[in-house]
Amino acid sequence: MDRRHLLLGAPALLGASSWAAMAASAEAPTAPPPPPPTDTVMQTYARMRGAPNSGLALWWYTGTVWGKQPDEMARPLFRVQGLTFNRITRAPDGSITQKLTGRGWYADVKTGAPLDTFTNPLTGERLTPPHIKSLQTQIIAADGTMPPRDEPTLDTFDGRIGDLTVSGDTIWLTENFVAKYKPDAARGGAVNTTSSLSTFTARIKDIENTAADFVPAYLNYQSLGSWPAWMKMGAAPGVLSWQTRGQKVRGPEAAPQALREWIEARYPGFLAAP
């Protein structure tokens, strides 16, 4: 049985007794649990993050974006909400290719209404938010690491899947990557850094149920990075931090109607054929 078949059709990833042993070890302060097999982590990640049989999965998310200047308290700048489709395929060597595309909005921090214009409270400048339009491909090696992307402005990159935690009937698994870019003249010579820190959550029974056509899962996401170029902060010190949560949904109709209508108006046909 090759790894692809094991991922998509095996009767169990570890078995109930093994999951229970991991949970018991995690709860014992004097006995840290041994790390699970790498292949188990990758299989669990694929089922949490994607859809069975390399199908198309869909995630809805919402949250707040915070800004932090030196010696100042963090403050909410705007809200975000969106939908992201992703498809995971796994090669015979155990590596994963994940393709993602998403649409979403930046919204007023008080009303939640999409922003056509945004007055940056840190500078007073009136701006036009670009809203969220993403298209990316992630390659994840069989050991859970992400090779650096081929970008001429990239300086240093580290990405990996890991930190699988089991407690009771629940599994948590992280997807993290951090990057540092070369100095950018458009930012006044500042160095741009980004972080993407995601935690996915699911029930053991759903991960083990390989006959299911849908695996319920949930997302908590944080980021920490430099000001985006569209905010026109130049080399001003400070950081931007996303705080969002979301869940995998069966289809666009599970997302708020206002978001669906907004996406369809701006990107006709995207929800039906992303």
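What counts as what
- Residues numbered from 1 in each chain as written.
- Predicted model: local features only at pLDDT ≥ 70, side-chain atom pairs only at ≥ 80, totals over all residues.
- Heavy atoms only, no water.
- Core = buried A, V, L, I, M, F, W, Y, C linked by side-chain atoms within 4.5 Å.
- Buried < 20%, exposed > 50% of the residue type's maximum accessible area, 1.4 Å probe, protein only.
- Contact = heavy atoms within 4.5 Å.
- pLDDT = per-residue confidence, 0-100.
- Helix = DSSP H or I, 4+ residues; strand = E, 2+ residues; numbered from the N terminus.
- Pairing = 2+ DSSP bridges.
- Axes fitted to C-alpha atoms, helices over the stretch in contact; angles between N-to-C directions.
- Salt bridge = Lys/Arg side-chain N within 4 Å of Asp/Glu carboxyl O.

*Asks:* It is not clear to me how the nonpolar core should be interpreted in this structure. Could you clarify?
*Replies:* Generally speaking, a soluble globular protein has its nonpolar side chains buried in company with each other. Residues Y45, F78, M231 and W242 are the most contacted members of the largest nonpolar core, which totals 45 residues. Apart from residues lying up to four places away in sequence, F78 is in contact with T64, V65, Y106, A107, V109, L115, F118, W230 and M231. Counting residues in each nonpolar core, the second largest holds 14 residues, with A255, I263, Y267 and F270 among its members.

*Asks:* Help me out: how do you make sense of the confidence of the model for the chain in this one?
*Replies:* Caution applies to low-pLDDT regions: their predicted coordinates should not be interpreted in detail. Per-residue confidence for the chain gives a mean pLDDT of 89, with 87% of residues at or over 70. Throughout residues 1–11 the model reports pLDDT below 50, and contacts reaching past four residues in sequence, or to other chains, amount to 24 contacts.

*Asks:* Got a minute to help me understand the pairing of strand β3 (residues 96–107) in this structure?
*Replies:* Where a strand is regular, its side chains alternate between the two sheet faces. The buried fraction of β3 is high, at ten of twelve residues. Pairing analysis gives twelve bridges linking strand β2 (residues 75–90) to β3, with the strands arranged antiparallel. Note that in β3 the partner of R79 across the bridge is A107. The loop that links β2 with its antiparallel partner β3 comprises five residues; one of these, G94, has a positive phi angle of about 90°.

*Asks:* Just to check I follow, could you spell out the environment of E151 for this structure?
*Replies:* Mapping E151 onto the fold places it in the loop between β6 (132–140) and β7 (154–167). For E151, a relative accessible area of 28% puts it in the partly exposed group. Taking the C-alpha atoms as reference points, E151 and Y181, separated by 30 residues in sequence, lie 9.3 Å from one another.

*Asks:* What am I meant to see in unusual backbone geometry here?
*Replies:* Excluding glycine, residues mostly have negative phi values, and the peptide bonds linking residues are mostly trans. A positive phi angle is found at D71, which is not glycine, with a value near 65°. With respect to the element layout, D71 can be found in the loop between β1 (56–68) and β2. Taking relative accessible area as the criterion, D71 reaches 80% and is therefore assigned exposed. Of note in this structure, H131 is not a glycine but carries a positive phi near 55°. Mapped onto the elements of the fold, H131 is located in the loop between β5 (126–127) and β6. Here H131 falls in the buried class, since its relative accessible area comes to 8%.

*Asks:* Explain the environment of W105 here, please?
*Replies:* Along the chain, the position of W105 falls in strand β3. With 158 residues separating them in the primary sequence, W105 and I263 have C-alpha atoms 8.6 Å apart. In this view, W105 contacts R79, V80, Q81, G112, P114, H131, I132, A258, L259 and W262; residues no more than four positions away in its chain are not counted.

*Asks:* What should I look at first to understand the sheet that holds β3 in this one?
*Replies:* Neighbouring strands of a sheet are bound in pairs by backbone hydrogen bonds; such pairs are parallel or else antiparallel. The sheet built from nine strands is open, its strands ordered β6-β3-β2-β1-β11-β10-β9-β8-β7 with antiparallel pairing. This sheet does not close on itself; its edge strands, each paired only once, are β6 and β7. If you compare each strand with its neighbour and ignore which way they point, the axes differ by 20° on average. The sheet contact formed by β3 and β6 spans nine bridges and is antiparallel. Bridge assignment links I96 to a residue of β6, and that residue is I140. Set on the sheet, helix α3 (residues 38–49) makes contact with β1, β2, β3, β6, β7, β8 (170–181), β9 (193–203) and β11 (239–249); between it and β8 the angle comes to about 90°. Against the sheet, helix α5 (residues 257–266) touches β1, β2 and β3, its axis set at about 100° to β3.

*Asks:* How do you make sense of the pattern of salt bridges when you look at a structure like this?
*Replies:* In a structure, side chains of opposite charge can pair up when their charged atoms sit close to one another. A full pass over the atoms with the stated rule returns seven salt bridges. The residue R90 makes a salt bridge to D39 at a minimum N-O spacing of 2.6 Å. Here the residue R90 occupies a position in strand β2, and D39 occupies one in helix α3, the gap between them amounting to 51 residues. Taking relative accessible area as the criterion, R90 reaches 4% and is therefore assigned buried. For the salt bridge of R203 with D169, the shortest nitrogen-to-oxygen distance reads 2.9 Å.

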